[in-house]
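Summary of structural features
Spelled out from the first residue to the last, the chains are:
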Amino acid sequence: MKPVATPFFFYLLAATMIIGGILVITRKNAVHSAMALITTLLAQAGLYLMLYAPFVAGVQIILYAGGIMVLFLFVIMLINIERTMKERQFNKQWLVGIAAAAALGGLFIAVYTKGKLLFPEGSSSYPEAQNTQAVAGLLFDRHTGMYMFPFEIASLLLLVAIIGAVVMAKKRI
Amino acid sequence: MGALVQYIQSYLSSDLTPGAAGNWFWATVYVLLVFAGLSVAVICMNWLERKILAHMQVRLGPMRVGPHGLLQPIADALKLLLKEDIIPAEADAVVFWVAPFIVVLAAFTVFVVVPFGPTHAITDMNIGILFMLGVSSLSVLGIVTAGWASNSHYPLIGALRSSAQMVSYEVAMGLAVVSVILMTSLNAEGTGTLSMIGIVRAQQAQGTWFIFKFFPLGLVAFAIFAVAMIAETNRAPFDLPEAESELTAGFHTEYSGFRWSLFFLAEYSAMIAVSSIAVTLWLGGWLRPFPSLHGPEVAIPHVWPPVDPSASRGALDLVFALCPGIAFLFLAGMCLFNVVRMPKHPLFKIQTMGLAAFGAVLGLIGLVLFVPLVRDRVNDIFWFSAKVAAFMYLYIWYRGTFPRYRFDQLMKVGWKVLLPTGLAVLILTAATAFLEPSVEQWLRHIL
Amino acid sequence: MDAVLHISTLHYLVLGAALFLLGVIGVLTRRNVIIVLMSIELILNAVNLNLVAFSRMWGGLHGQVFAIFVITDAAAEAAVGLGILIAFFRNKETVNVDEINLLKW
């Protein structure tokens, strides 16, 4: 596939993500934050497509935007209390939090200025039309697949999480 | 200017979809064509649903607005556009406004990868079927926010019920789809494909529609998907969330006018989208019936065989290639038959003339479809559309026939019947795919 | 100008760092627990973007496979976190981090 208008789409999607992120952390209404997060996640799926990772983009749309965010919206609607809308948004230690985040930001800027030239352009040696097959090869292939065990552990983790969530949310155990 | 014309013409000789070829002009043209086609299809569905339901219930349906009610959908659209736009008090205005757009967005974006032909898709993503399932699951978000933003009890309960139902049946749909993807891997390289065009090409290469593959596994997987897709789109008999007798209208109770028409548009587009998935995965997409049988070679000068040297040239191909024209001529014939049966009252003159004109237009389209140049290009699109239209008829038939499921019965069917059956079909398909070459070898060794 | 127009790996890394920072600010300063959980999802997404950008830089697909595992992990963690939130809400009727202080003496 030939890339078309790459800088335009990158900056568009990046701006969507940043604005979505800012809206997530500054909205008083939790539903508005959730909608902003959905926008951010969908823009990220677009960025994955630009990075020649269509399978990760598909997984992101299905799991994150179509699964986790539905879960969030359900919980927000089930425990939505009017009281939260009238209170302050930021917690008691917001000043320390901003200071810590500023320190982290300073660290990032230091890393950027010192290490700007360390990252080569890079190219994908796998064509995009075979991306899913290549990912499956890494996971399942008899000779070159090395992520079979983590895959099984991940399914075990999901089982534990399901049991945990059901137990946590039950009224009487 | 010459470069632009050169750019436009450079795509016409390629055998890729516009998205795969990176040609943004033709991609935009295809997007507009799909959008227009979808809108026309939804309008037709509105009329068809009312007329077919009416005839199933031994009554006539809309007869006044145009000849046999043909202009009824246009009247409905006008009414919806001109209605007052009501927003309930205390409703969250931003979310209330955004919710129908999410549902419409999810329903329309799915059509980016639907293949109407081997190159007649907007694009062919490597993750085609995954993309379609994922984006159609985004409509759950729109429904949940629509129900919540209405600030009213009926929509909230309807939205929670509807989203719970859709999420449950998505699992069954996914399992049925996975067993089909398994079947695409029975080729020389041993790798399957998630791309929609690849799945149809796999059916073409294996010479059989996947509904008949590993009988009865393909059929059971198709049945699971066919039931789950009706629950996914909230249609009868799974339409408790929007049942008028129980919940006034479910999650779109508080929506009026144009916003309601957006929900309506999204619902019918989603129906067509999941039917397209079913047609592509099990019924061979754009392939005609019996795609591997060609019959004896026939040559009629200037008419057959088609100009494309790689196209097949048997007698059966000729017969099936005439079907689009015959279908439209049949419709035109029915129109003209009804023109003759119209009452001979002077007040009916305009309706009679309208119906005759409609029949004439259909007949003209049918005659155009016999021209060899048009016939060869339209063949794929016609068979795909005919199969999707058959699914639409099934949807309307189910609505007219089945009583509604109660919500706990609905959830029970989704989790306790479809999910285990889907798992069983998946395991059996995997076992059969694994054992098939060795069984064939063993049989050949014996016989 | 060319450094801005030609999209390289560094662009994705800077974007990932910005999202991470936004997520950290959200986790540290918000009162509503649900929004804190959503900021954690922002952080995980920033990490995923880094992983996939590096995967493209090195040409192998290990970063993408690991990103899929991270997404799976995030789903499990969100489910359990929201379950804990619901259990806590049932006891104390609040979703304020300031008021989740049962162990305070």
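The shown structure was predicted, so the numbers you read here are calculated from the model rather than taken from an experiment.

The next point concerns the overall build of chain A. Regarding its fold elements, chain A presents seven helices and zero strands. When the helices and strands of chain A are read in sequence order from the N terminus, they spell out α-α-α-α-α-α-α. By the compact-globule yardstick of 16 Å for 173 residues, chain A is too spread out, its C-alpha radius of gyration being 21 Å. The burial tally for chain A puts 33% of its 173 residues in the buried class. Taking contacts inside chain A between residues at least 6 apart in sequence as the whole, the part at least 24 apart equals 45%.

Time to look at the overall build of chain C. When you go through chain C residue by residue, the secondary structure sums to four helices and zero strands. Each helix and strand of chain C, ordered N terminal to C terminal, gives the series α-α-α-α. For 105 residues, the compact-globule formula gives about 13 Å, and the C-alpha radius of gyration of chain C, at 18 Å, lies well above that figure. For chain C, the spread of C-alpha atoms along the principal axes amounts to about 55 × 30 × 20 Å. Within chain C, the proportion of its 105 residues that are buried is 53%. Sequence separation of at least 24 residues holds for 46% of the intrachain contacts in chain C that already meet a minimum separation of 6.

Within chain C, residue pLDDT values average 89, and 98% of them lie at 70 or more. Prediction confidence for the complex, expressed as pTM and ipTM, is 0.90 and 0.92 respectively.

Our next topic: the interface of chain A and chain C. Taken together, the contacts link 72 residues of chain A with 62 residues of chain C. Breaking the side of chain A that touches chain C down by element, the ones donating at least two residues are α1 (6–26), α2 (30–50), α3 (54–78), α5 (94–115), α6 (131–140) and α7 (148–169) of chain A. At twelve residues, α3(A) tops the list of elements feeding residues into the side of chain A that touches chain C. Taken together, the residues that form the side of chain A that touches chain C break down as 52 nonpolar, 16 polar and four charged.

Once that is clear, we can look at the interface of chain B and chain A. Facing the 26 residues of chain B at the interface are 23 residues of chain A. Going through the elements one at a time, α5 (93–109), α6 (128–136), α7 (139–149) and α8 (153–183) of chain B are the ones with two or more residues in the side of chain B that touches chain A. Here the side of chain B that touches chain A is composed, by residue class, of 18 nonpolar, seven polar and one charged.

Moving on, we get to unusual backbone geometry. Each neighbour pair has its own omega, and for B:Phe215 with B:Pro216 the value is 0 degrees, a cis peptide bond. With respect to the element layout, B:Pro216 can be found in the loop between α9 (196–206) and α10 (217–232).

Running from amino to carboxyl end, α1(A) crosses helix α3 (residues 33–58) of chain C at an angle of 155 degrees, the nearest separation of the two axes being 9 Å. Judged on the interaxial angle alone, α3(C) and α1(A) are roughly antiparallel. As for the relative orientation of α1(A) and α3(C), their crossing is left-handed in sense. Residue-level inspection shows A:Gly21, A:Val24 and A:Ile25 of α1(A) in contact with α3(C), the latter providing C:Met38, C:Ser39 and C:Leu42. Taken together, the residues of the contact of α1(A) with α3(C) break down into four nonpolar, two polar and no charged.

What follows concerns the nonpolar core. The nonpolar side chains of a soluble globular protein tend to be buried, and buried together. A:Ala34, A:Met69, B:Ile224, B:Ala228 and C:Ile34 are the most contacted members of the largest nonpolar core, which has 185 residues in total. In terms of residues, this core owes the most to one element, helix α12 (residues 258–282) of chain B, which gives 16 residues. Contacts of A:Ala34, omitting those with residues within four sequence positions, involve A:Met69, A:Phe72, A:Leu73, A:Ile76 and C:Met38. Of all hydrophobic cores here, the second largest spans seven residues; its members include B:Ala332, B:Cys335, B:Leu355 and B:Leu362.

What counts and what doesn't
- Residues numbered from 1 in each chain as written.
- Chains lettered and ligands numbered in written order.
- Predicted model: local features only at pLDDT ≥ 70, side-chain atom pairs only at ≥ 80, totals over all residues.
- Helix = DSSP H or I, 4+ residues; strand = E, 2+ residues; numbered from the N terminus.
- Rg over C-alpha atoms; globule rule 2.2 N^0.38 Å.
- Buried ≥ 20, exposed ≤ 12 C-beta atoms within 10 Å, placed from the backbone.
- Contact = placed C-beta atoms within 7 Å.
- pLDDT = per-residue confidence, 0-100.
- Nonpolar A, V, L, I, M, F, W, Y, C, P; charged D, E, K, R; others polar.
- Axes fitted to C-alpha atoms, helices over the stretch in contact; angles between N-to-C directions.
- Parallel < 35°, antiparallel > 145°, perpendicular 65-115°, else oblique.
- Left-handed = near helix turned anticlockwise from the far one by under 90°.
- Core = buried A, V, L, I, M, F, W, Y, C linked by C-beta atoms within 7 Å.

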